[in-house]
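# Examination of the molecular architecture
Next come the chains, spelled out residue by residue.
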Amino acid sequence: MLNGIGDYAGRVPGSRATASSGSPAGGCVIPGTGQLPDGALCGPDVLSGSDALPVLPALRELLPGGLPRGSVVATGSWSLLCLVLAASASVAGGWCAIAGVPDLGVAAAADAGLDPGRLLLIADPGEGWPQVAASLLDGCELVLLRPPARPSAQVRRRLEAVARRHGSVLVVVGDWDGAQCRLTIARREWTGIEAGHGRLRARLAQVVADGRGAAGRSRARWLWLPGPDGAVAVAAAGAGGPVAGGLDAGWDGETGEAIPAWRGMSAG
Amino acid sequence: MSSARGTPQRVRGTPQRVRGTPQRVRGTPQRVLAVWCPDWPPDAPDTGPEARAFEQVITAVEEFCPRVEVVRPGMCAIDARGPARYFGGEEALAGKITDAVAALGIACQAGIADGLFAAQLAARVPAGAGGAEARCGGSGDRPRQKVIDPRIHHLTGRAVAWAGAPGVIVAPGRTPGFLAPYPVSVLDIPGFVDLLPRLGIWTLGDFARLPAAEAANRFGAPGERAHRLARGLDPRPLTPRQPSADLSVQIEFDPPAGQSEPVVFAAKALAGRMHAGLAARGLACVRVQVQATYEDGQDLTRLWRHDGLLSALAVAERVRWQLDSWRAGQDARGGGPGTGDRAEASLVGGITRLRMIPDQLVRDEGHQLGLWGDAVISDRVARAAIRVQAMLGHEAVLRPVLAGGRDPAEQVTLAPFGDSRAPLLPGGRPWPGRIPAPAPATVYPVPRPALVTDDSGTAVGVTGRAVVSAPPVLLSADGGPWLAVTAWAGPWPVTERWWDAAGGRRRARFQLVTEDGNGWLAAVQDGQWLIEASYD
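A brief structural summary. (Residues numbered from 1 in each chain as written. Chains lettered and ligands numbered in written order. Predicted model: local features only at pLDDT ≥ 70, side-chain atom pairs only at ≥ 80, totals over all residues.)

When the parts of a complex come together, some accessible area is lost, and that lost area is often taken as the interface size. Each partner contributes residues to the interface: chain B has 54 residues there, and chain A has 54 residues. Those elements giving two or more residues to the side of chain B that touches chain A turn out to be helix H17 (379–392), strand E9 (397–402), strand E10 (412–416), strand E11 (442–453), strand E13 (483–496), strand E14 (505–514) and strand E16 (528–535) of chain B. In terms of residues, the side of chain B that touches chain A owes the most to one element, H17 of chain B, which gives 9 residues. Relative to E9 of chain B, strand E5 (residues 119–122) of chain A is paired through 2 bridges, and the arrangement is antiparallel. Counterpart to Ile122 of chain A in the pairing with E9 of chain B is Val397 of chain B. (Contact = placed C-beta atoms within 7 Å. Helix = DSSP H or I, 4+ residues; strand = E, 2+ residues; numbered from the N terminus. Pairing = 2+ DSSP bridges.)

So, about the pairing of strand E2 (residues 69–72) of chain B. Residues and elements named next belong to chain B. By the bridge criterion, 3 bridges tie E2 to strand E3 (residues 75–79) in an arrangement that is antiparallel. Along E3, the bridge assignment pairs Val70 with Cys76. If you look at the hairpin formed by E2 and E3, you'll find 2 residues sitting between the two strands, and Gly74 has a positive phi there, around 105°. When E2 meets strand E7 (residues 299–305), the two strands line up parallel, connected through 2 bridges. Following the sheet pairing, Val70 is matched in E7 by Trp304.

Across the interface, helix H4 (residues 129–139) of chain A lies against H17 of chain B with an axial gap of 7 Å and an inter-helix angle of 165°. When the axes of H4 of chain A and H17 of chain B are compared, the pair comes out roughly antiparallel. The handedness of the crossing between H4 of chain A and H17 of chain B is left-handed. Each of Gln131, Val132, Ser135, Leu136, Asp138 and Gly139 of chain A in H4 of chain A lies in contact with H17 of chain B, whose residues at this interface are Arg380, Val381, Arg383, Ala384, Ala385, Arg387, Val388, Met391 and Leu392 of chain B. Of the residues contributing to the contact of H4 of chain A with H17 of chain B, the split by class is 8 nonpolar, 3 polar and 4 charged. (Axes fitted to C-alpha atoms, helices over the stretch in contact; angles between N-to-C directions. Parallel < 35°, antiparallel > 145°, perpendicular 65-115°, else oblique. Left-handed = near helix turned anticlockwise from the far one by under 90°. Nonpolar A, V, L, I, M, F, W, Y, C, P; charged D, E, K, R; others polar.)

Before going further, it helps to examine the environment of Cys82 of chain A. Residue and element names in this part refer to chain A. Inspection of the secondary structure puts Cys82 in helix H2 (residues 80–91). Exposure remark for Cys82: the 28 C-beta atoms within 10 Å place this residue in the buried category. Each C-alpha atom of the pair Cys82 and Ala109 lies 9.4 Å from the other, and the pair is 27 residues apart in sequence. (Buried ≥ 20, exposed ≤ 12 C-beta atoms within 10 Å, placed from the backbone.)

In this section: helix H5 (residues 153–166) of chain A. Residue and element names in this part refer to chain A. Over its 14 residues, H5 extends 20 Å from the first C-alpha to the last, a length consistent with the 20 Å expected when each residue adds 1.5 Å. Restricting attention to buried positions, one finds in H5 the residues Arg156, Leu159, Val162 and Ala163. Seen along its axis, H5 keeps its buried residues to an arc of 130°; they face one direction. Away from its buried face, by an angle of more than 90 degrees, H5 presents the exposed residues Ala153, Gln154, Arg157 and Arg165. Its buried side turned inward, H5 meets strand E3 (72–75), H4 and strand E7 (169–173). The positive-phi residue at the C-terminal boundary of H5 is Gly167, with phi of around 70°. (Expected span 1.5 Å × (residues − 1). Arc of directions from axis to C-beta.)

Structure representation (structure tokens):
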């Protein structure tokens, strides 16, 4: 229907992220259809039931169960991480709506794995944004919402109920009391750019996931967010010892994660 | 009822106009007058306020003929036969109409030919390239194609300034000759017009000389359509049988709808019903007539070009255009300054009935969906999107199409849900100087002003030879707090469209990283720092 969408048949969600993470069990998607060909290819943990949206391979360790349908996920502030979460809808071949983000970089979203052919944009949901969000939750698998105002408890409960009823996922830019899961970027560092030369090539970000209940334990992982080609990948824990540059110590005391040696990466 | 003077084919397709129509000789060509306003480019979006500004032209043309067909913003057409008799000839009619539109301060040309396709081309013949001379020829015997050489027009047409000459008038029966020198690219059938030159067929005349059966045999439905156009006929033969059922649809509003929004919302469902009724009989309509009846019995009727291509949403958007323009006209005519706001909010009187009449029925040839890449929209998604559109307006729900271009903002074309739109700039090309990957997550539709200073507090500048005056140290985006710059790169000069005084620009791009870990895409243009995007 739309010209140009055909170009993205080869740039299907998940496939590039898979290539850069080097994992053979990546989320393979049939080009053009967005359908998952076989549950076994996509990892047993995320497709154990249809009660969760599978996430991009890079987020598997942070969200082992995927995004439970009917849940609310909060992200601290607007960042590429929100788009990576929204790409979960495309992994499952579903539709995604983004409301309240007039300055969205669609190219970045596409590179992160979000299918632009299955994307609705509502730049300004206006005063009646709770109704708009409720309508979108009815139609789309995932709704990324930046509320124009701080939502009242009543609005929050109503939208949570709508999401539960329709089995869709609400990803909120900002804070949301009662969110089942919360992902934030704790630290971030750009590579490839120096004082006066180079260019922005990739960013290393430490993403922390907190949650309630089963997802209660706090997890942190280092991700390429974005990687050199715009895709998101897990930053392999390097054996390079202490890391130079703006990063702190070589080991993260809280989580026991090795900080990767980003110096050794071939940029570009 | 002047509209009853159509050709026999048209009469067959429109049962409500059969009554009282005199018998005419079969094949009498239809005389069409097309009005072309060059201020609306052909690739402009066909909805939105700019498109609706074309309404004043339609109103001016309506003074001459009540049945104006809107082809697209910038082009409308009327059946010239009746008005030409009344106003003293086709030449006088064309002159009067262009004068009336020019009185509004809008550049305009008019052309008359047999059939809409030729009339559109006749209207676009530039002044000074033989057009005026041809007009002086009047109804003489001289073959017009010798006076007008459209091949020259086609090459020089864009460079010739509009000088008030009303296009050309092609004498009855001379349309095939008028069309013959035009290149086949004027047919505007994607994929097909690229093929013909490779087969050695350069002009419409060459193509028209092929046997019609062979053209249909070799090129299929688009070939048949193109061949009929090249011969100066209607693109598709009108369906020869009279439809047994009334295919018009209508909805009553009780109480009358005072706001336009519920009418537009109902129009979507109504258009869907009309399309379903047509599809069940394998038909499509060339035009759709939308008739809104007000409380005081007044009818507001307009014809819209359809060609079987408009979605239900697109038809509804035209209904919105029709209602809005009528209201704007009411404000301009009757309302004083005090009535402006109230009239904006509610229609005068309210609408009691909305009716859609499919006009000029043709065989539906269908549209082939692409095998790969077309995202199929499920009913569930469409329902949600339409509900949001009912709340916020048609343009509020957008679908992105990735396009080409250098700026991050240029690389996306947005189309309202329900409309299809090609990318404004073609993708899949190198676009030297485009921003390299990774793409920024935040792209400001309008770049935000910024301040960048060096360590002494003076603003950082870039010379004409792309040398930066001092390393940037502090950045303040859009009046925000000052942030220390930890890394930077640039300047990368970009000079775009230097040959174009209005559209050309020079920029020097930078990438900056500030102390909070944020990456910025900035540019210096005319000494002013702008933030184009942010790598959040």
